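For reference, the chains in residue letters:
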Amino acid sequence: IRAKSTILFTVHPRKKTGAAVTTPVSIQPEVATTSGTSVTLSSSVPSWVKFFAVAIINTSTNGTSVPIIQLGDSGGVETTGYSGGSSGMNSAGGGAWIPSTVGAICGRNAAADDCNGIIYFTKEDSSDNTWAWSGGFTTKTPGPTEGATSCGRKALSGVLTTVILTTENGTDTYDAGSAALILLG
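Not measured: the values here are computed from a predicted model.

**Q** Help me out: how do you make sense of the nonpolar core in this one?
**A** When a protein is soluble and globular, its nonpolar side chains tend to lie buried together. In terms of nonpolar packing, the biggest core is built from 30 residues, with Phe 52, Val 54, Ile 69, Leu 71, Phe 121 and Val 163 touching the most fellow members. When contributions to this core are tallied by element, the ones reaching two or more residues are strand S4 (39-42), strand S5 (51-61), strand S6 (67-73), strand S10 (104-105), strand S11 (115-125), strand S12 (130-139), strand S14 (162-167) and strand S15 (174-184). Considering every element that reaches this core, the biggest residue donor is S15, with 4 residues. Other than its neighbours up to four places away in sequence, Phe 121 contacts Lys 50, Phe 51, Phe 52, Val 54, Ile 69, Leu 71, Ala 104, Trp 131, Ala 132 and Trp 133.

Given below as structure tokens:
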């Protein structure tokens, strides 16, 4: 998905009664991941969002820390309290579970890995702002091709406002690619 500007449209499926069901959808502009230790995909997520996806497009970093997505609310980006991880298998037959308590894993941890994939987030519980995620991605360079999945959950202290892309250590720099955010009500 590539957008030059924010696109907002409404999907109108029909209920059994014939009444329209309105679901807002917003496709955010693609954001370059070619510099910086973190990339803000949105700092103004609308309060109507109940589902969103992050598309990772040819991203890589200069280090060996795992790329992650972190969520934030009006109090800022939350850097702890995530419960999840990633499991993968590479073409050489290796693979392992990588747990994370600091974010939703969205790539593997080798410099110059070329990562592509999508991670889906669903608002699991409105009463405590809990978000669950799952998704998959591939990496293809410089080592063997690897496919992996990511899953987990995070309860925010407030309503979601911010989505960022960073790394577990917070110091590795993004050096290629882009990311896109798709929001649904």
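Let us keep going from here.
**Q** Help me understand the pairing of strand S9 (residues 97-100), please; the structure alone is not making it clear to me.
**A** In regular strands, side chains alternate between the two faces of the sheet. Bridging between strand S8 (residues 83-90) and S9 involves 4 bridges; their strand directions are antiparallel. Paired with Gly 85 across the strands is Pro 99, a residue of S9. With antiparallel pairing between neighbouring strands as the criterion, S8 and S9 make up a hairpin whose turn holds 6 residues, including Gly 93 at a positive phi of roughly 95°.

Here is what the cut-offs are and how they apply
- Residues numbered from 1 in each chain as written.
- Predicted model: local features only at pLDDT ≥ 70, side-chain atom pairs only at ≥ 80, totals over all residues.
- Heavy atoms only, no water.
- Core = buried A, V, L, I, M, F, W, Y, C linked by side-chain atoms within 4.5 Å.
- Buried < 20%, exposed > 50% of the residue type's maximum accessible area, 1.4 Å probe, protein only.
- Helix = DSSP H or I, 4+ residues; strand = E, 2+ residues; numbered from the N terminus.
- Contact = heavy atoms within 4.5 Å.
- Pairing = 2+ DSSP bridges.

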